[in-house]
Amino acid sequence: MNNDKKALNRRSFLKASLISGGGMMLTVSWLSSFRSADKSEALNLPEQWAQLNGYIQITADNKVRLICPNPEFGQNVMTSLPMMLAEELDVDWKDVTVEMGPHDSAKLGAQFTGGSNSVRMYWKPLREAGAAARQMLREAAAQTWKVPAGEVTTKAGVLSHPSGKSARYGDMAGKAATLSVPKDLQLKSPKDFTIVRKSQRNVETQKIITGKPLFGLDYSVDGMLIAMIQHPPAFGMKLKSFDAAEVLKMPGIKDVFQLKLYEEGFEQGGFDTRTFNDLLVVVGNSTWQVMSARKKLIAEWESAGDVKDTMTGRGGKREVTIPGVPESTGTQMEKMQEYAKKPAQQLRKDGDPETAFKNAAQVIERTYNAPFLAHNCMEPMNFFAHVTDEKALLVGPLQAPGWIEPTLAKLLKLPADKIEIQMTRMGGGFGRRAYGHYLSEAALISKKVKAPVKLMYTREDDMTYGIYRPMYTATYRAALDKDKKLVAFHVKGGGIPEHPVHANRFPAGAVDNYLAEGWQIASNITIGAFRAPRSNFNAAAEQSFLDEVAEAMGKDPIEFRLELLKRAKENPVGENNEYDAERYAGVLELVRDKSGWNKAGNEKYNRGVAAYFCHNSYAAHVVDMVTRNGQPYIERVFSAMDCGVVVNPDAATNMVEGAVIDGIGNAFYGALTHKDGVAQQTNFNNYRMIRHHEAPKQIEVHFVRNDIDPTGLGEPPFPPVFGAVANALYKNKGRRFYNQPFQSEMDKVI
């Protein structure tokens, strides 16, 4: 047992109370104090998110209910979080139920699904809550039976005493609720877990397979209208005028109007609010009527004009000029090549890299490029709103309700306690639903038409006027001495509109002379978080480059990485290295062993390897590629993960499998391009996604078993897939590919 005497201090407190029917409700609060792996960089959580709350109910009929604070979009938090509670509570898993809570900043705090933080944030607080409740139940039984509390044991929701006395939790819940919350808690040792580390079925499985309403698109109320927005035809443009005379004559159309979403001073998730400010709205009775009417609108658009702005991002605040003219991918690429030659912001410097490169016997230099990517959530953006002068109800798919609540209060001129946000299950998120502009749009439209409204985006709306993964480039250089030893390493990365470089990650700390630099170019094309932000590009470029360096040195790519990690562990360079070299090496060794790397019998495969650290976890993949019908095809993938304690193994495996397929698809096909501000890909017919027959036949997932508190899992397995694919593709095609998507570059090769 772990004696956690500091579990319930001023940062973490519990409150017990009676509920109707004689049960106990245990409220758990804690103050988030998590920091990123870079000890100098706190997690970027708004102050109003610091206070998190959860609710545990133990009813008289021996049921345990958890109000899940975090939105669900397939990562399985609605199962994993109650598993942690049930473990310490020592209750039978079949007696646990869970419900998705509404947004409540006072009680439930952050409620943010993203950054691979859900299980990590709740691991200790929910276990403390379960342990406290169990101790209170034992004390209640002890007082009732007049025996020492230390003699009362628990198992599967039943209290027992050596005398033969026993009772269900529900029988003692009412009395337990009157007791003081214990100050000292006994948390289970991982070796004693009976629920955590055992696979449990998704608690919503039955609802999913029977088609029960779960998603925002399912939500409906009587009298609800449908709204759609006509966006500008290109980024960098705004509405000049419109004529809706004919549209208003069409069946079912209620109104057409222009609406200003954001006023001066509003911030929305870090992107240029002009993009989603000028709304041309069509409202009607049905989706088809509104879609048909929107096509008949006559609108005139004009340049939005350049705007000087202060943007907060990587490296703090900076003054930028956001262009008001439409941009094209070709000219953006030319501008990036121009910027890449200019001096950049120094992010980290160890030793004397300039001299090391000057005196090197060999310098290897390669440049990697990647395009904008669309999130392509299977469920298009949507939100329901019913706003009156007194209150507002909003229902739909959202990753970060805490980000949008302050903005809503300003927009609607309502106090926060009069705004109710209910979150539905999300049909995909990947960072796209962390930005709540579409919720604000729905709210203001409802307020304007004085009726309940569901705002609907089509696939084309979100793909052509959405929020994307940035466009990136990076140049890597390595210096080798006459003995082919790596003596210097340099990365200089940039992008539109942010640079991708993580300066304190591997191989920083493993090379005496190291330099990292970054630069960025402002743009009116909106960007945002995309599964493993920046890492999804860094891993592709860095891991491809490390393979080239290993080849130039005459070393096996896995052994080369392990040598660097040994140096980083035993004699690290610098003090700000984010990663744990031993854990990093652990996933490489595991994937090497499980894949049979360099063992006889695998000669028919073109094998590629990559490993990466991000979001506090470590991932490595070996990709086995073959040629099928003249095209490269990934037949097998071996994956190794170190994310600490794995709460729900089946769900964790599913997460890695999904990341692998997602990564393969984006590496080969993902790309969004613009011409004069207009997205050239509008739907799945010309934005290429991976198809079922292109997914690997076999994905074998292995986890490093340790007792480290859980870290991230949603994002970490995704980035190194790109690099493993690139390295396998080199073996398959006999040449290196430096531009994503790889299929487009292959098509250009004669």
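Described in the following lines is the structure provided in the data block.

## So, the sheet that holds strand β28 (residues 513–520)
Reasoning step 1: Strand order in the open sheet formed by five strands is β18-β28-β27-β26-β19, with mixed pairing between adjacent strands. Strand pairing shows two members of the sheet lacking a second neighbour, β18 (345–350) and β19 (362–370), which therefore form its edges. When strand polarity is set aside, the average angle formed by the axes of neighbouring strands in this sheet is 10 degrees.
Reasoning step 2: As judged from the nine bridges shared by β19 and strand β26 (residues 471–480), these two strands associate in the antiparallel manner. Bridge pairing links Asn369 to Thr473 in β26.
Reasoning step 3: Relative to β26, helix α6 (residues 329–340) is tilted by about 35 degrees, and along the sheet it contacts β19, β26, β27 (486–496) and β28.
Reasoning step 4: Along the sheet, helix α11 (residues 535–553) contacts β19, β26 and β27; its crossing angle with β19, the most-contacted strand, is approximately 155 degrees.

## A short note on the packing of helix α12 (residues 557–570) against helix α13 (residues 581–595)
Reasoning step 1: Where α12 meets α13, the closest approach of the two axes is 9 Å, and the angle between their N-to-C directions is 160 degrees. Classified by the interaxial angle, the pair formed by α12 and α13 is roughly antiparallel. Crossing geometry of α12 relative to α13 is assigned as left-handed. Taken together, the residues of α13 that come into contact with α12 (itself represented by Ile558, Glu559, Arg561, Leu562, Leu565, Ala568 and Lys569) are Ala581, Glu582, Tyr584, Ala585, Leu588, Glu589 and Arg592.

## Side note on the packing of helix α2 (residues 118–145) against helix α3 (residues 169–176)
Reasoning step 1: Running from amino to carboxyl end, α2 crosses α3 at an angle of 90 degrees, the nearest separation of the two axes being 8 Å. In terms of axis orientation, α2 runs roughly perpendicular to α3. Touching Arg134, Met136, Leu137, Ala140, Ala141, Gln143, Thr144 and Trp145 of α2 are Tyr169, Met172, Ala173, Lys175 and Ala176, all from α3.
Reasoning step 2: Split into classes, the residues belonging to the contact of α2 with α3 amount to nine nonpolar, two polar and two charged.

## Things to note about the environment of Pro572
Reasoning step 1: With respect to the secondary-structure elements, Pro572 resides in the loop between α12 and α13.
Reasoning step 2: Look at Pro572 and you get partly exposed, because its relative accessible area is 39%.
Reasoning step 3: Separated by 61 residues in sequence, Pro572 and Val511 place their C-alpha atoms 8.4 Å apart.
Reasoning step 4: Not counting residues within four places of it along the chain, the set of residues in contact with Pro572 comprises Gly509, Arg567 and Asn577.

## Some details on the packing of aromatic side chains
Reasoning step 1: For the structure shown, the criterion picks out 23 aromatic pairs.
Reasoning step 2: Note on Trp123 and Phe193: the rings are 6.0 Å apart at their centroids and 85 degrees apart in plane angle, and the pair reads as edge-to-face. Here the residue Trp123 occupies a position in helix α2, and Phe193 occupies one in the loop between β10 (185–187) and α4 (205–209), the gap between them amounting to 70 residues.
Reasoning step 3: We classify Trp123 as buried; its relative accessible area is 3%.
Reasoning step 4: Owing to a relative accessible area of 6%, Phe193 belongs among the buried residues under this scheme.
Reasoning step 5: A network of ring pairs unites the aromatic residues Tyr368, Tyr476, Phe489, Tyr514, Phe545 and Tyr738 as a single cluster.
Reasoning step 6: Arg477 extends its terminal NZ or CZ atom over the ring of Phe357, reaching a point 3.9 Å from the ring centre.

## A closer look at the pattern of salt bridges
Two side chains that carry opposite charge are able to pair once their charged atoms sit near each other.
Reasoning step 1: Throughout the structure, instances matching the rule amount to 33 salt bridges.
Reasoning step 2: Note that Arg294 and Asp461 form a salt bridge whose closest N and O atoms lie 3.0 Å from each other. Remark: Asp461 occurs in helix α10 (residues 459–464) and Arg294 occurs in helix α5 (residues 287–295); sequence separation between them is 167 residues.
Reasoning step 3: On the accessibility criterion, Arg294 (12% relative accessible area) is buried.
Reasoning step 4: The class for Asp461 is buried, based on a relative accessible area of 8%.
Reasoning step 5: For Glu338, the salt bridge identified is with Lys342, shortest N-O distance 3.6 Å.
Reasoning step 6: The exposure class of Lys342 is partly exposed, given its relative accessible area of 36%.
Reasoning step 7: Put simply, Lys63, Asp92, Lys94 and Asp95 are held in one network by salt bridges that share partners.

Conventions and cut-offs
- Residues numbered from 1 in each chain as written.
- Predicted model: local features only at pLDDT ≥ 70, side-chain atom pairs only at ≥ 80, totals over all residues.
- Heavy atoms only, no water.
- Pairing = 2+ DSSP bridges.
- Helix = DSSP H or I, 4+ residues; strand = E, 2+ residues; numbered from the N terminus.
- Axes fitted to C-alpha atoms, helices over the stretch in contact; angles between N-to-C directions.
- Contact = heavy atoms within 4.5 Å.
- Parallel < 35°, antiparallel > 145°, perpendicular 65-115°, else oblique.
- Left-handed = near helix turned anticlockwise from the far one by under 90°.
- Nonpolar A, V, L, I, M, F, W, Y, C, P; charged D, E, K, R; others polar.
- Buried < 20%, exposed > 50% of the residue type's maximum accessible area, 1.4 Å probe, protein only.
- Phe/Tyr/Trp six-rings, centres within 6.5 Å; stacked < 30°, edge-to-face > 60°.
- Lys NZ or Arg CZ within 6 Å of the ring centre and 35° of its normal.
- Salt bridge = Lys/Arg side-chain N within 4 Å of Asp/Glu carboxyl O.

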